[in-house]
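Overview (structure and organization)
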Amino acid sequence: MISPYSKAEIIVKNVTVTQLQDRAAAPPCTVTHSMPAVLFAIAGHAGNYWHDYTDILVPLFVASRRYRGEVTLLISNIQYRPEWLVKYKTLLRGLSKHAWVDMDGDPEVRCFPHVTVGLRVDKELTIVPELVPGGPLTMADFTRFLRETYGLPRGAAVSLTREPDKKPRLLLIHRGHYRLFLNEPEIAQAAEAAGFETVVMELRANASEVEQARLVNSFDVLLGMHGAGLTNALHLPPGGVLIQVVPYGNIEVLARAEFSEPVTDMGLKYLDYSVSVEESSLLETLGPEHSAIKDPESIHRSGWKNMFEFYLAKQNVRINTTRFAPTLAQAFDHLRQQ
């Protein structure tokens, strides 16, 4: 029994693999393929942008890229997430030149010379080159594949050395539900003062993947609160910058594990800004004596549910733009040194 999903903790219908001693015992093929196949599931956290890439799309690239499009994708759980295939159809067509197969509804007996059953995550949102079957690939190869597949025009961020009069563009991600920036206009003004042309915009999960990727590719810097929206750094041109704002609550280790090394592997500059207790809405809503304010580690010890509720679900942030200014300056200096 093999799980077709990359994360062991996700419960999904397993694939039964049976080894037959006698070839004649196998049912006759109704469709014979000359190419290999990769079998995976749309399950678990699919629909969350970070998990879409971390759990499925990057591992699928690792498993199938060596076939240069001559591979059949066998997909299970389609009936639970039909919109997922619509969102990522362009990317899937970039990996396979052939129609995918619904494993749960296909009546055929298909015969392949080789099948990869299930996907594997070696490290979150990145690629470990020496573990790639068929030869090394890197996260830079994956983002190059995205630019080619989505037709993203920019293969390099603005160079202020070569174009000193050109303003680099910064996209400030607006969040509409929780983990909000309470002073977005002031943050945008601070970015303008640092030398950026600044746009504030919400990146919606239900937007066209290709159109949103092209939008993000037109910027040099992506700035946002910790969350799945930062996964859009995949579409920044190489040499660009991701600035992750980390909410109060000692969650730097978690936040950096999800974005710091992956973004660096993409060929981007990673910066983060840790929110102080004075910048957090929790100080006002909970009071200075609450354990979530005085002792974040006690909240961590009480389990993921409490940690998520206090620091990721209930918290909004009012950035001290004076304190934040050096981080913006670092981003600008990076582009100046390109």
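Residues numbered from 1 in each chain as written. Predicted model: local features only at pLDDT ≥ 70, side-chain atom pairs only at ≥ 80, totals over all residues. Heavy atoms only, no water.

1. Describing the domain arrangement of the protein
Where interface size is quoted, it is often the accessible area lost as the parts come together. Put simply, the rule reads: Domain delimitation in this document rests on an assignment produced automatically or drawn from a domain database. For this analysis, residues touch if any pair of their heavy atoms sits within 4.5 Å. Note on terms: buried area is the combined drop in 1.4 Å-probe accessible area of two parts once they are placed together, counting the loss on both. Between Lys or Arg on one side and Asp or Glu on the other, a salt bridge is scored when a side-chain nitrogen of the former is within 4 Å of a carboxyl oxygen of the latter. Throughout this description, a polar contact denotes any pair of N or O atoms lying within 3.5 Å of each other; where both atoms belong to protein, one of them has to be capable of donating a hydrogen while the other can accept it, and for residues adjacent in sequence the pair is counted only when both atoms sit in side chains. Every helix listed is a DSSP run of H or I at least four residues long, and every strand listed is a run of E at least two residues long, numbered separately from the N terminus. Residues were grouped as follows: Ala, Val, Leu, Ile, Met, Phe, Trp, Tyr, Cys and Pro as nonpolar; Asp, Glu, Lys and Arg as charged; and all remaining residues, including Gly, as polar.
Under the domain assignment, the protein is made up of domain 1 (23-136) and domain 2 (169-337). Measuring from the centre of the C-alpha atoms in domain 1 to the corresponding centre in domain 2 gives 32 Å. The interface is formed by 11 residues belonging to domain 1 together with 16 residues belonging to domain 2. A combined buried area of about 1,200 Å² lies between domain 1 and domain 2, and 57% of that area is made up of carbon and sulfur atoms. Summed over the shared surface of domain 1 and domain 2, the number is two salt bridges. Measuring nitrogen to oxygen at the nearest pair gives 3.0 Å for the salt bridge that ties Lys 123 to Glu 261. Our count for the domain 1 to domain 2 interface comes out at seven residue pairs in polar contact (both at pLDDT 80 or more). No other element matches helix 1 (residues 49-64), which puts three residues into the side of domain 1 that touches domain 2. For the side of domain 1 that touches domain 2, the class distribution of residues is five nonpolar, three polar and three charged.

2. Some points on the packing of aromatic side chains
Formally: In this analysis, rings of Phe, Tyr and Trp, with Trp reduced to its six-membered ring, are considered paired at centre separations within 6.5 Å, and the interplanar angle assigns stacked below 30 degrees, edge-to-face beyond 60, and tilted for intermediate values. Throughout this description, buried means an accessible area under 20% of the type-specific maximum (1.4 Å probe, protein chains only), exposed means over 50%, and partly exposed covers the range between. Only when the NZ of Lys or the CZ of Arg is both within 6 Å of the ring centre and within 35 degrees of the ring normal is a charge said to sit over the ring.
This model, assessed by the stated rule, comprises 11 aromatic pairs. Ring geometry for Phe 142 versus Phe 145: centroids 6.2 Å apart, planes at 35°, classification tilted. Taken as a pair, Phe 142 and Phe 145 lie in helix 4 (residues 139-150) at a separation of three residues, close to a single helical turn. The buried category is assigned to Phe 142, whose relative accessible area is 0%. Aromatic ring contacts, followed pair by pair, group Tyr 49, Tyr 53, Phe 61, Trp 84, Tyr 88, Phe 142 and Phe 145 into a single cluster. When the ring centre of Phe 219 is taken as origin, the NZ or CZ atom of Arg 169, which lies over that ring, is 4.1 Å away.

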